[in-house]
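Secondary and tertiary structure notes
Here is what each chain is made of, one letter per residue.
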Amino acid sequence: MKPLVLVVEDEVPLLTLLRYNLEKEGFRVAEARDGEEALVAVKENKPDLVLLDWMLPLVSGIEVCRQIRRMPEARQLPIVMLTARGEEADKVRGLNSGADDYVTKPFSPSELTARLKAVLRRARPSSGDEMLRFSDLAMDLSGHRVTRNGRNVHLGPTEFRLLRFFLEHPGRVFSREQLLDAVWGRDVYVEPRTVDVHIRRLRKAVNAEDGVDLIRTVRSAGYALDHQDA
């Protein structure tokens, strides 16, 4: 059965746009237009994921997120916040309230749906989805194979794990320290600059013969799997 996304958004044109794009990508969609309606819908509809605006009538998105996390039946429900509040402190506050991911407006519909699918994969690892995709890049987990636009991409074990992590979190920027913890493990001591070496190898392998660099470097912040600005 197609996953059900509860979209909590009070702007009707944006709600219509989100429904169109989500249904096109294979989701079922339920709607709520304020925080109180959202909390009722979580209990009644039992969605697979909540896409939650921050600025809502009656109950804020932050408070909705906190209350969902206090519901025994919905404590593990994936929540993605969608908001115009893009400051670092706001993102930290959103994630600390219990959100699994945080997308800022304006947003790319294709990136948003990719991130929703990534959150669902992490929440339901046994769902049987063996493919990770972003743009023209694809990773076959069962076959341990990576292709870009049909071309085989040959990666070492570390670059494979690094790319998998990026594919599971498209568009998000990660510091060297975060990548070390996620890919190498907290118990392994590796110099942070080692990440740069593997990023260069990954970038060279993924971008060979292709014009668009999918590995974005964010100065003083880290790296992301993202479309480069034109």
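**Regarding the environment of Val8**
Along the chain, Val8 turns up in strand β1 (residues 4–8). Note on Val8: relative accessible area 1%, which makes it buried. Sequence separation of Val8 and Leu82 is 74 residues, and the distance between their C-alpha atoms is 9.2 Å. Not counting residues up to four positions away in its chain, the partners in contact with Val8 are Ala32, Asp34, Ala38, Val50, Leu51, Leu52, Asp53 and Leu56.

**Some points on the nonpolar core**
Residues Leu137, Met139, Leu163, Phe166, Leu167, Leu179 and Leu225 are the most contacted members of the largest nonpolar core, which totals 27 residues. In terms of residue count, helix α6 (residues 157–168) provides more of this core than any other element does, 6 residues in total. Among all residues touching Leu167, those that are not within four sequence positions of it are Ala118, Arg121, Leu132, Arg133, Phe134, Leu137, Met139 and Leu225. Core analysis: the second largest hydrophobic core is formed by 25 residues, Ala32, Leu39, Val50 and Ile79 among them.

Conventions and cut-offs
- Residues numbered from 1 in each chain as written.
- Predicted model: local features only at pLDDT ≥ 70, side-chain atom pairs only at ≥ 80, totals over all residues.
- Heavy atoms only, no water.
- Helix = DSSP H or I, 4+ residues; strand = E, 2+ residues; numbered from the N terminus.
- Buried < 20%, exposed > 50% of the residue type's maximum accessible area, 1.4 Å probe, protein only.
- Contact = heavy atoms within 4.5 Å.
- Core = buried A, V, L, I, M, F, W, Y, C linked by side-chain atoms within 4.5 Å.

Take it as geometry only, folks, not as evidence of what the structure does.
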